[in-house]
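Here's the letter readout for the chains.
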Amino acid sequence: MDRYEKLCDQIENALAEKPKRTALYNAMKRGRDSRKAALDALPGGEGFRKEVRSIKNRCLEQQDELVEKFARKVEERGARVFLAHDGAEAIAYILEIAEVQNAKTVAKSKSLTSEEIEVNPPMEEAGIEVIETDLGELIIQKVKEKPFHLVFPAVHKTAVEVAAIFEKATGGEVPNDVDAIMKIVRAYLRPIFLNADIGMTGANVGVAESGVIAIETNEGNARLVTSIPDIHICIMGREKIVDTVDDALQMMLAHPISAVGQHLTTYVTLMGGRSPLGEGDGRKQRESHIIILDNGRTRMREDPVFKEALNCIRCGACMNICPTYGVVGGHTFGHIYPGPIGIPWTSEVHGLEEAGNFAHLCVSCGLCKEICPAEIDIPMMIAEVKHKDSENHPHSLVNRVLMAAEQFSKVGCATAPFSNWAMRNKVFRFLMEKFTGIDRRRDLPSFHRNTLRKRLKKRGDLEIANPVRKVALFADLYANYNDPELGMAAVNQLEKLGCQVVMPPQRGCGYPYIGYGDLEKAREVAQVNVDFLTPYVEEGYDVVTTEPTAAYCLKESYHKLLGKSPKSGAVAAKTYELFEYLDVLEGKFQDKSLAGKRFGFHISCHQRPLGMGNQAVNYLRRRGAEVTVVETGTCCGMAGTFGMKQGMLGYELAQAVGEPLFEAFAESDADEIVTESSVCRIHLREGTGKKVWHPLELLPDFTNETNR
């Protein structure tokens, strides 16, 4: 079985367990909702992310110096430091300590770094009993699984399953009640805490100026593990070391807010060295060992793309928002490190092949970047993993077809109306699915022989006397090839408001190249469009687009792809979404043409960092419409062209991701749906059965009578 078939089988198995995926989705949504509530109560709200990013970047630049300083301060406090090049060295050091101490039992607190190097099996092979004392990790250990989530390792287990696990472990009856389970687990763990020979932990932060580690938990088990056994071993990645206690305090805020919506974890332990415990002749001296792990981190720091991954604080927020992780979970979407950040981390510490096994579960919605407390550009790193992986595992045919959407659009327009008949012919769609992988159930937009460019060329540029603004329209594919009436409506609105409008030479935005991991083509398209648009920007034109993903490319993706060049920066600074632009031009203009209409508004993923669709919502409300933003907090599931693909890694997964949003629209008071995304509208119409509009289509003078 090849990796694609294996991944599709895993997805199918996950989708078949509806109760579990519903529970997982609800847990991830609680995490998102709790985070939002915590930020609403936090002075500055989302602003803390910039401070976290600044601290991590500064400390990363000084990492060698901080590691040396931290090690020196730790040893001054009487503890020992071991710099481990890789997991094998760290494990050998631990086994040596255990042998010297004749240790038979190790009590562990939750440690992702120990999971990374898979420390438990070698200790068990050496005859040492290892007991996880974090409840989630203990559950996972008992059933011999890997963590499902960075913060909630057993989130996929029900109370019934957990009760059965501890009935087997304790030999007694365990009720299917969370409180009862907790009491039984406490009793089960108490003698382990009291009698362990070694206590092992990770560390959330290391403070270089003082040689102190910070450990954050909500169960208190880390305090028992670090304080009772005579030997304490901490395994931490070198990227966890920050400069000052003020830096550490900022991390202690960022971790719980991002993970579970708390302002502080229940227990925060600051530990430096070991204090004596009790008195009496013959008592062994207590020891503390800090293992600082490299395991590829130094190499990552030198990589211009993956360096940023070292800013990860292991909060799990990217998992809480990831649309596909929220359906299939960490055993499908992950190796040891699950979720979006797990893809670059797996690539760097466990190998590209392992990361490639699940990298294509990322649909490149970009939401993980928008929620990350360190503002890590996770989607671009994942695109790089896919790009590198394609050298050994070439892009699938369907991905190549979708990346060539512009070429197919040109053919579709040139052969219309025949191409539109074919797209709606069941036999043709069956053959198309068989030979290209485009799902025959997915409605595809029609093509127009008379494209937007042809219409504007035939009409000629409309000269505006003393224009208030000059606009270079970036149409992207949909408004040019599929719905030129929409493009013309945008032009007409801008011209009515006194703008001189031109449509420069351009290619489609090319985002599928980023999403599927052909970064050479992505850079090529980015450079071509930036070169086309730069002369207009230099002449004082603003770049305006009707498509959120195109705006995202022009403002965000191109600048990153082109190494933050001056030209890409200039284009980014002058790019606007259409309704962002109209909002400024219209001012307080009002008409009541939409009075009595009730709409549900969907914010597309790439629109979130650009303004959350607020300007379009205001535009509709000024015209008398009642507009409610209907959201689940994650992607609708279409994810650009991902939802057009046949099978589990496409249509089926997209439908499963979209179910909660479809239900939310069904439960809302909205009669119809509005979105600015051309692909989201396809998915929403099919999933809800409601009419779905672009805001421009609601203008009284819009000429297109077809709701696509």
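The rules behind the values
- Residues numbered from 1 in each chain as written.
- Predicted model: local features only at pLDDT ≥ 70, side-chain atom pairs only at ≥ 80, totals over all residues.
- Heavy atoms only, no water.
- Axes fitted to C-alpha atoms, helices over the stretch in contact; angles between N-to-C directions.
- Helix = DSSP H or I, 4+ residues; strand = E, 2+ residues; numbered from the N terminus.
- Parallel < 35°, antiparallel > 145°, perpendicular 65-115°, else oblique.
- Contact = heavy atoms within 4.5 Å.
- Nonpolar A, V, L, I, M, F, W, Y, C, P; charged D, E, K, R; others polar.
- Patch = residues over 30% accessible without salt bridge, like charges linked within 9 Å, V, L, I, M, F, W, Y side chains within 5 Å.
- Areas by Shrake-Rupley, 256 points an atom, 1.4 Å probe, with all protein chains shown as cover.
- Salt bridge = Lys/Arg side-chain N within 4 Å of Asp/Glu carboxyl O.
- Buried < 20%, exposed > 50% of the residue type's maximum accessible area, 1.4 Å probe, protein only.
- Polar contact = N/O pair within 3.5 Å; in protein donor to acceptor, adjacent residues only side chain to side chain.
- Core = buried A, V, L, I, M, F, W, Y, C linked by side-chain atoms within 4.5 Å.
- Expected span 1.5 Å × (residues − 1).
- Pairing = 2+ DSSP bridges.

**A closer look at the packing of helix H19 (residues 378-389) against helix H28 (residues 519-538)**
Phase 1: Two elements in contact, H19 and H28, have axes whose closest approach is 9 Å; the angle formed by their N-to-C orientations is 125 degrees. It follows that H19 is oblique to H28 by the angle criterion. Within the contact between the two elements, H19 uses Ala383, Glu384 and His387 and H28 uses Leu519, Glu520 and Arg523.
Phase 2: Per-class residue counts for the contact of H19 with H28 are two nonpolar, one polar and three charged.

**Some points on a nonpolar patch on the surface**
Phase 1: Nonpolar side chains collect at one region of the surface, where Val427, Phe430, Leu431 and Phe435 lie side by side and expose about 410 Å² of accessible area between them.
Phase 2: Summarising the element assignment, phenylalanine 435 is placed in helix H23 (residues 426-436).
Phase 3: On the basis of relative accessibility, which here comes to 55%, the residue phenylalanine 435 falls in the exposed class.

**Brief notes about the side chain of arginine 238**
Phase 1: Among the structural elements, arginine 238 can be located in the loop between strand E7 (231-237) and strand E8 (241-242).
Phase 2: By relative accessible area, which is 11% here, arginine 238 ends up buried.
Phase 3: A polar contact of 2.8 Å, which involves the side chain of arginine 238, links it to the side chain of glutamine 63.
Phase 4: Here the side chain of arginine 238 touches aspartate 64 through a polar contact of 2.6 Å, side chain to side chain.
Phase 5: Excluding its chain neighbours within four sequence positions, the residues that come into contact with arginine 238 are Gln63, Asp64, Val67, Ile292, Leu293, Asp294, Arg297, Thr298 and Arg301.

**Focus on the nonpolar core**
Phase 1: In terms of nonpolar packing, the biggest core is built from 146 residues, with Ile11, Phe70, Ile213, Ile341, Trp345, Leu361 and Leu653 touching the most fellow members.
Phase 2: Beyond its immediate sequence surroundings of up to four residues, phenylalanine 70 is in contact with Gly206, Val207, Ala208, Gly211, Val212, Ile213, Met236, Ile241, Ile290 and Ile292.
Phase 3: Ala490, Leu582, Tyr619 and Leu696 belong to the second largest nonpolar core, which has 37 residues in total.

**Looking at helix H3 (residues 48-61)**
Phase 1: Given a rise of 1.5 Å per residue, 14 residues ought to cover 20 Å, and the 20 Å separating the end C-alpha atoms of H3 matches this to within 8%.
Phase 2: Here the buried face of H3 lies against helix H2 (18-40), helix H4 (63-76), E8, helix H12 (245-260), helix H13 (297-301) and helix H18 (367-371).

**A look at the sheet that holds strand E10 (residues 287-293)**
Phase 1: Reading across the sheet, the six strands line up as E1-E10-E7-E4-E2-E3 and stay open at both edges, with parallel pairing between neighbours. Looking at which strands have only one partner, the edges of the open sheet turn out to be strand E1 (80-84) and strand E3 (129-132). Looking at each pair of strands side by side, their axes are set apart by 20 degrees on average, direction ignored.
Phase 2: Judged from the four bridges that link them, strand E4 (residues 198-201) and E7 form a sheet pairing that is parallel. When the bridges of E7 are listed, glycine 199 appears paired with histidine 232.

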